[in-house]
Amino acid sequence: MTTRQVGEPVQRREDPRLLTGNGRYLDDLGLGALQAAFVRSPHAHARVVDIDITDAWELDGVEAIYTWEDLDGRVGEPLPVLIPHPALTHPRTGYCLAKSEVNHVGEAVVMVVARDRYVAEDACGRIHVTYETLKPVVGLENARAATRLVHDDAPGNVAANLLQEVGDVDSAMAAAPNTLTLELEIERSACMPMEGKGVYARWDADDASLRIYSSTQTSTGVRAAVAAKLEMPLAKVEVVTPDVGGGFGVKIMHPWPEEVLVPWAARRLGRDVKWTEDRREHFVSSAHERGQLQEVTVGFDDDGRLLALDVRFWHDNGAYTPYGIIVPIITATQLLGPYKPGAYRVEFWSLYTNTVLVTPYRGAGRPQGCYAMERTMDAIAAHLGLDRTEVRSRNFIQPDEMPYDQGLMFQDGRPLKYDSGDFPASLAKLKDLVGWDDFAAYREQAAREGRRVGLGIGCYVEGTGVGPYEGGHVQVETSGRVNVATGLTTQGQGHQTVLAQIVADQLGVRLEDVHVTTGDTRRMAYAVGTFASRGAVMSGNAVALAAKVVRDKALRIAADALEVSADDLEIVDGVISVKGAPGTSIDLKTIAVMSNPLRYAFDTAAQAATQFAGTFDPDKPPVADDDEPGLEGQDFYSPTQATFANGMHAAVVETDPVTAEIRILRYCVIHDCGVMVNPMIVEGQVHGGVAQGVGGALYERMVYDEGGQLLNASFMDFLVPYASEVPHVETDHLETPSPLNPLGLKGAGEAGTIPVTAVIASAVEDAEGFPIRSMPISPAELWELRRQHSSVPVALEGAS
Amino acid sequence: MTDAATEQLLEITLRVNGVRRTASAPARRLLSDFLRHDLGLTGTHVGCEHGVCGACTVLLDGEPARACLVFAVTAQAHEVTTVEGIGHDPANLSPVQQAFAECHALQCGFCTPGFITTITAYLDENPQPTPEEAREAISGNLCRCTGYQNIVKAVVRASEIVREREEETR
């Protein structure tokens, strides 16, 4: 029997190519294509009065200059609201090029197409746009105060207001022996993939068709959006996603204006056109996330059990709402984590500001929700003088209560119902791993050395693998090569390895014979995309189902050929044989030959399937009525609901008594994503997630001034952590399989990021002895907090 | 037409990965763009264009340099090594490349060529780094995917592979 691939830390099949400079990212394509660049608004809020392009035309190499006036048909209409929601009462989207008003610095106003990017940028510099500036709305406080409006017809700057309630919160709160209210703040950050966005389009005039390459998380989404905007038949638009240098959410937003404009210009000019985003453009014209103000009121008994939880928060959605209100909906629902809240009411307002739009960033609203809940748990523990893990433990949903319905509607419009998980077991593992019960002694020892340390904890549940569906297609060539296609994209998660592992097991072939294609609408036209930790759950199960279709067909043909029952056959390493009688066998590749009756023998293998070869029944058609030629099959996986992964993190931090510098000494993760297809890749996802979380907790924030200028729009100023800032992550896993899908999988992509801000806040609070209510926290801010709390004793007794 | 409207092109000759390469480009062409778009060596990636991320790191006369901070014309007559020069055959990986594959030290792979060039040069200088030294050696390159600890592991593993290969050929 061959080694089972699922569960093995198989080395990635994509690596040798990427390691040797043979990767093909967006900007590596289209040598010789015309290049686009954009004039972007320098103002956060202004009316466009006049655009003078005369000087720009004087430059040698400029091929086209477009303003909104040039945009014809639907290209000139506002961009779509991708995910409408009844609570999104005032959706607003921008135009591909600003029509008469700009609503954030960086909004595209003019497009230039030129011989090369240098010339295109020169031309942009020679375009004179006259603006009438308006006072901008910057920051949530100003948006909420609404003394000025971002959009004149969106009163109170409110894009959406949504309330959900389970139980009677007012009565439960009134009856609670203890109540606390916390005012919390969490800042804006951004995905910042190392490769920015990019689009390359080729117009084929002879075929009246477009091929678009985009650095996207959804090729089918871009295809449909571009076809709609350019008013083309879907059949005439292909989207191919090449290697993608990271996404983390920002590339699920679509269509970006450039994804419409570049193909549009390519068609109009009859030339290949490409646009590659530069880093500054990415800062000011792609999306951000995270910014929220939160107010939590909690009622609890003297043992720390939740009786009522009342949450209100204000979410900064930036200038437009093209991706709807997915992010605040996730915050509102995923906030509950592994806990039973008693009665729960949550209400949010999603507010417009004159800043870059906000769409999902790894974790997508969950880091904020986890932060609110875990800050609350710590506050209850401090109030009652209880151990923080004890308070959490008393509120856990127990394993025998699974599946557990929280009574809320999740982001996919379906019930928030946890499928499985063992939270007490996870907590026990975490306490062991970090040495929770020994920390008091360590703290005392550190104090004797003049060092200040703290221990923090954070727990989360993550809805992963949301629908509606993904597909898989599996085809066996007569050479034995197995081609697998799925429509979702990949941006570093190792799909080519993980999906190959699944197919190798399901079909019974060698891993090296399996070749996976992702994100190419020519190979799989039906797909959703790569986001919400759904790749392995959705496409993993889809390719498994498709492999089963192929396997069943192969066994049926082999059973006929070998004159045995299909039930008696097995496939191992690409050979079909009678169980227990390995002498009687036939290669899978031979079945591929037999599956396709041929007229022409194009090679020696094909000779066996031609009309004068072999035996056949002249009374039956070569392809039976209920059959198709070829050894291939397709199937789709569409679940009734999301599957819920979970985990718990703990960190030990040291804060410098003088400089207030915060150093993470240890970082521990217990992670449960159900069955792990490739533990090495799951570990990698956790490491990367934690690194992004550390950035969010300590370094990353979007600093806007009151005029709406982003003051830190470069890697010099927006601090993405280097190796020197990211701790070594210690991990342990629990595998509670999902009962919802045949493979037992849950998603793993975002888990690492979700609780980090909450964990670091908890640890710093534990080290310092005063509440931490605003994150991220810099040394300067910690120093200021120390000054404000200078009357509070340094060590908080019983805090851990 | 104004003066700025036409741009003078220069013939720029470099030795790239041991081969003499010539192309015409304006004086302001960045080395990163010259390698990628004029010479077609797209293994060198551009992540920030302001010298912070390290994705475009190449070796200039053997020393790591940010190709986005160097004008191609100033690299004239110098020796440039890109990731392709360290190993361009997926079936024949260099020690550092092999260590990256073994240790899962890459995810999206975009920043990876910059790490490969940086670490290759570093191991020449310090053939047996400790994990702490390895971490310091890579702390000028940004990676958004891996969390770095597998890259640290790969640096140490690469130094072992170098020795293993030396012993095999002895």
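Please refer to the structure placed before this passage.
Residues numbered from 1 in each chain as written. Chains lettered and ligands numbered in written order. Predicted model: local features only at pLDDT ≥ 70, side-chain atom pairs only at ≥ 80, totals over all residues. Heavy atoms only, no water.

Within chain B, the regular secondary structure consists of 6 helices and 5 strands. For chain B, the sequential pattern of α-helices and β-strands runs β-β-α-β-β-β-α-α-α-α-α. Rg of the C-alpha trace for chain B: 17 Å, near the compact-globule value of 15 Å for 170 residues, within the 12% margin. Seen through its principal axes, chain B has C-alpha atoms that stretch 60 × 35 × 25 Å. Once local pairs closer than 6 in sequence are excluded, the contacts in chain B between residues at least 24 apart make up 54%. Total accessible area on chain B is roughly 6,900 Å²; 49% of this is exposed by carbon and sulfur atoms. (Helix = DSSP H or I, 4+ residues; strand = E, 2+ residues; numbered from the N terminus. Rg over C-alpha atoms; globule rule 2.2 N^0.38 Å. Contact = heavy atoms within 4.5 Å. Areas by Shrake-Rupley, 256 points an atom, 1.4 Å probe, with all protein chains shown as cover.)

Taken residue by residue, the interface counts 60 residues in chain A and 54 residues in chain B. When the buried surface of chain A facing chain B is broken down by residue, Leu19, Tyr118 and Met194 of chain A rank first, second and third, together holding 18% of it. Between arginine 144 of chain B and glutamate 700 of chain A there is a salt bridge, with its nearest N and O atoms 2.7 Å apart. Remark: the boundary between chain A and chain B carries 30 residue pairs in polar contact (both at pLDDT 80 or more). No other element matches helix 18 (residues 679-699) of chain A, which puts 8 residues into the side of chain A that touches chain B. (Buried area = accessible area lost by both parts, 1.4 Å probe. Salt bridge = Lys/Arg side-chain N within 4 Å of Asp/Glu carboxyl O. Polar contact = N/O pair within 3.5 Å; in protein donor to acceptor, adjacent residues only side chain to side chain.)

A separate point is the sheet that holds strand 9 (residues 198-204) of chain A. Remark on secondary structure: sheet strands pair via backbone hydrogen bonds, oriented parallel or antiparallel. Residue and element names in this part refer to chain A. Strand order in the open sheet made by the 7 strands is 3-5-1-12-9-10-11, with mixed pairing throughout. Either end of the sheet is taken by a strand with one partner, and the two such strands are strand 3 (62-66) and strand 11 (237-240). Across this sheet, the average inter-strand angle for adjacent strands is 20°, counted without regard to direction. Relative to strand 12 (residues 273-276), strand 9 runs antiparallel, the two being bridged by 4 bridges. Directly across from tyrosine 200, in strand 12, lies its bridge partner lysine 274. Against the sheet, helix 6 (residues 219-229) touches strand 10 (209-214) and strand 11, its axis set at about 150° to strand 11. (Pairing = 2+ DSSP bridges. Axes fitted to C-alpha atoms, helices over the stretch in contact; angles between N-to-C directions.)

Turning our attention to helix 6 (residues 149-169) of chain B. Between its terminal C-alpha atoms helix 6 of chain B stretches 31 Å, which fits the 30 Å expected from 21 residues at 1.5 Å a residue. All buried positions along helix 6 of chain B are accounted for by Gln149, Asn150, Ile151, Val152, Ala154, Val155, Arg157, Ala158, Ser159 and Ile161 of chain B. Close packing links the buried residues of helix 6 of chain B with helix 18 and strand 28 (729-733) of chain A together with helix 3 (95-103), helix 4 (112-125) and helix 5 (131-137) of chain B. (Expected span 1.5 Å × (residues − 1). Buried < 20%, exposed > 50% of the residue type's maximum accessible area, 1.4 Å probe, protein only.)

Looking now at the side chain of histidine 104 of chain A. All names here are of chain A. Topologically, histidine 104 is positioned in the loop between strand 4 (101-102) and strand 5 (108-114). Owing to a relative accessible area of 5%, histidine 104 belongs among the buried residues under this scheme. Setting aside residues no more than four positions away along its own chain, histidine 104 makes contact with Ser41, His43, Ala44, Val284, Ser285, Ala319, Tyr320, Asn354, Thr355 and Val356.

What follows covers the pairing of strand 5 of chain A. Side-chain direction in a regular strand flips from residue to residue, so the side chains alternate between the two faces of the sheet. Residue and element names in this part refer to chain A. The buried count for strand 5 comes to 7 of 7 residues, which makes it a mostly enclosed element. One ladder, built from 6 bridges, connects strand 1 (residues 34-40) with strand 5; its direction is antiparallel. Within strand 5, the residue paired with arginine 40 across the bridge is alanine 108. Both strand 3 and strand 5 contribute to a ladder of 4 bridges, which runs antiparallel.

Attention now goes to the sheet that holds strand 4 of chain A. Residue and element names in this part refer to chain A. Taken in spatial order, the 3 strands line up as 4-2-6 in an open sheet, and their pairing is antiparallel. The two strands at the open ends of the sheet, each matched to only one other strand, are strand 4 and strand 6 (128-133). Relative to strand 6, strand 2 (residues 46-52) is paired through 6 bridges, and the arrangement is antiparallel. Residue pairing in the sheet places aspartate 50 in a bridge with threonine 130 of strand 6.

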